[in-house]
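The chain contents come next:
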Amino acid sequence: METNRDIARELARKYSTMTHEELDIMEELIVPMRFRRGEQILKEGDVCRNIYYIHQGLIRQYYYKATKKKKEVTEHIGVERTIFMCIESLFKEEPTRVLVEALEPSIIFALPKHKLEMVALHNVNIQILYRKILEESLILSQIHADLLRFETADERYRKLCKMEPEVVKRTPLIHVASFLQMSPETLSRVRTSTLYEK
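What this report covers is the structure whose coordinates are included nearby. All values reported here derive from a predicted model rather than from experimental measurement.

What to know about the pattern of salt bridges
Any two side chains of opposite charge can pair, so long as their charged atoms come close to each other. Taken as a whole and judged by the stated rule, the model has 18 salt bridges. Glu117 is the partner of Lys113 in a salt bridge, and the nearest nitrogen-oxygen pair spans 3.3 Å. In this pair, Lys113 and Glu117 are both assigned in helix H4 (residues 113-120), four residues apart and thus about one turn of the helix distant. A relative accessible area of 25% means that Glu117 is categorised as partly exposed. For the salt bridge of Glu151 with Lys159, the shortest nitrogen-to-oxygen distance reads 2.7 Å. The buried category is assigned to Glu151, whose relative accessible area is 19%. Owing to a relative accessible area of 38%, Lys159 belongs among the partly exposed residues under this scheme. Linked through salt bridges whose partners overlap, the residues forming this network are Glu80, Glu104, Glu166, Lys169 and Arg170.

As for the packing of helix H1 (residues 4-15) against helix H2 (residues 20-29)
When two helices pack together, their arrangement is given by the angle between the helix axes and by the axis-to-axis distance. One can describe the packing of H1 onto H2 by two numbers: an axis separation of 8 Å at closest approach and a directional angle of 120°. Considering the angle they form, H1 stands oblique to H2. Handedness of the H1/H2 crossing: right-handed. On H2, the residues touching Asn4, Arg5, Ala8, Arg9, Leu11 and Ala12 of H1 are His20, Leu23, Asp24, Met26 and Glu27.

Details of the sheet that holds strand S7 (residues 99-102)
Sheet architecture is open: four strands sit in the order S2-S7-S4-S5, paired in antiparallel fashion. Only two strands of the sheet have a single partner each, and these edge strands are strand S2 (40-42) and strand S5 (71-78). Strand-to-strand twist across the sheet, computed as the mean angle between neighbouring axes with direction ignored, equals 35°. Inspection of the sheet shows strand S4 (residues 59-65) paired to S5 by seven bridges, in the antiparallel sense. From the neighbouring strand, Tyr64 faces S5, where its bridge partner is Glu72.

Quick look at the side chain of Asn123
Considering the arrangement of structural elements, one finds Asn123 in the loop between H4 and helix H5 (124-150). Those residues in contact with Asn123 that sit more than four places away from it in its chain are Glu22 and Ile25.

Considering the packing of aromatic side chains
Across all of its chains, the model carries two aromatic pairs by this definition. Ring plane angle 10° and centroid distance 4.9 Å describe the contact between Tyr52 and Phe84, whose orientation is recorded as stacked. Here the residue Tyr52 occupies a position in strand S3 (residues 50-56), and Phe84 occupies one in strand S6 (residues 82-84), the gap between them amounting to 32 residues. Residue classification places Phe84 among the buried positions, given a relative accessible area of 2%.

A short note on the sheet that holds S6
In space, the four strands of this open sheet follow the order S1-S8-S3-S6, with antiparallel pairing throughout. Looking at the sheet topology across the chains shown, the edges are occupied by strand S1 (31-35) and S6. Strand after strand, the sheet turns through a mean of 30° between neighbouring axes, direction not considered. Sheet contacts for H1: S1, S3, S6 and strand S8 (106-112); angle to S3, the most-contacted strand, approximately 105°.

Focus: H4
Every buried residue of H4 is accounted for by Lys113, Leu116, Val119 and Ala120. Angular distribution of buried residues about the axis of H4 spans 135°; they occupy a single face of the element. Facing away from the buried side of H4 by more than 90 degrees, the exposed set consists of Lys115 and Met118.

As for the packing of H2 against H5
The contact between H2 and H5 brings their axes to 9 Å, and the two run at 55°. Classed by the angle they form, the pair H2 and H5 counts as oblique. When H2 is examined against H5, the residues Glu22, Ile25 and Met26 are found in contact with a partner set consisting of Val124, Asn125, Ile126 and Leu129. Of the residues contributing to the contact of H2 with H5, the split by class is five nonpolar, one polar and one charged.

Calculation criteria
Position labels on residues start from 1 in each chain and follow its written sequence. Reporting of local features is limited, given that this is a predicted model, to residues whose pLDDT is at least 70; pairs of side-chain atoms are given and counted only at 80 or more, and all residues count toward the totals for whole chains, interfaces and linings. Side-chain descriptors were evaluated using all non-hydrogen atoms of the structure, hydrogens and water having been removed beforehand. We count a salt bridge whenever a side-chain nitrogen from Lys or Arg sits within 4 Å of a carboxyl oxygen from Asp or Glu. In DSSP terms, a helix is any run of H or I states spanning at least four residues, a strand is any run of E spanning at least two, and both are numbered starting from the N terminus. Buried, partly exposed and exposed residues are distinguished by accessible area as a fraction of the type maximum, computed with a 1.4 Å probe on protein chains only: under 20%, between the cut-offs, and over 50%, respectively. Angles shown run from 0 to 180 degrees and are taken between the N-to-C directions of axes, each axis being a line fitted to C-alpha atoms and, for helices, limited to the stretch in contact. To sort the angles, those under 35 degrees are grouped as roughly parallel, those over 145 as roughly antiparallel, those from 65 to 115 as roughly perpendicular, and the leftovers as oblique. Take the far helix as the reference: if the near one is turned anticlockwise from it by less than a right angle, the crossing is left-handed, and if turned clockwise, right-handed. A contact between two residues is defined here by any heavy atoms of the two lying within 4.5 Å. If DSSP finds at least two bridges between two strands, the strands pair. Between rings of Phe, Tyr and Trp, where Trp is taken as its six-membered ring, a pair exists when centres lie within 6.5 Å; planes separated by under 30 degrees are stacked, by over 60 edge-to-face, and by other angles tilted. Regarding the arc, it is the one traced by the directions from the helix axis to the C-beta atoms. Here the nonpolar group is Ala, Val, Leu, Ile, Met, Phe, Trp, Tyr, Cys and Pro; Asp, Glu, Lys and Arg are the charged ones; every other residue, Gly included, is treated as polar.

This is how it looks when you write it as structure tokens:
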């Protein structure tokens, strides 16, 4: 199992360089968490108080569409070495409507937002790390929104395969279809046509 120090170094490599003192601070800040497959990381009504870093496993963020059958809509799927958060709940400090579940047994490291903000006030590199995490999250949200807005079903699937091959390989197809805003039948047709082209 990776230590908090290992994760602090990983985050520093990905988002910002850090001094030994800053790595010490990050090491103290990080909270390791384990989740079983199918376990809820955030339930409806919880307040998201952390930024989460996936060390191992697979998660999905989803919400319920307001229909009679309470249809689930997958908003995000995350794999190793990526960040996730329920951004509106995190910043407004209000209950989340976006739920998070582990699709595989997962080891996740939480960065408590309030503590991160406090240390960022006095540490430039931690401030940069915090900003870059938020920038990355916003950019990924925009990429996903543009994918749904401008691309055909075939293009959506191809782009996801190219950008996130692990997501496509490891995620149940019903969640991939929901993430790409298409029916499972459409996804099946698109996948079949893609296979025939190879």
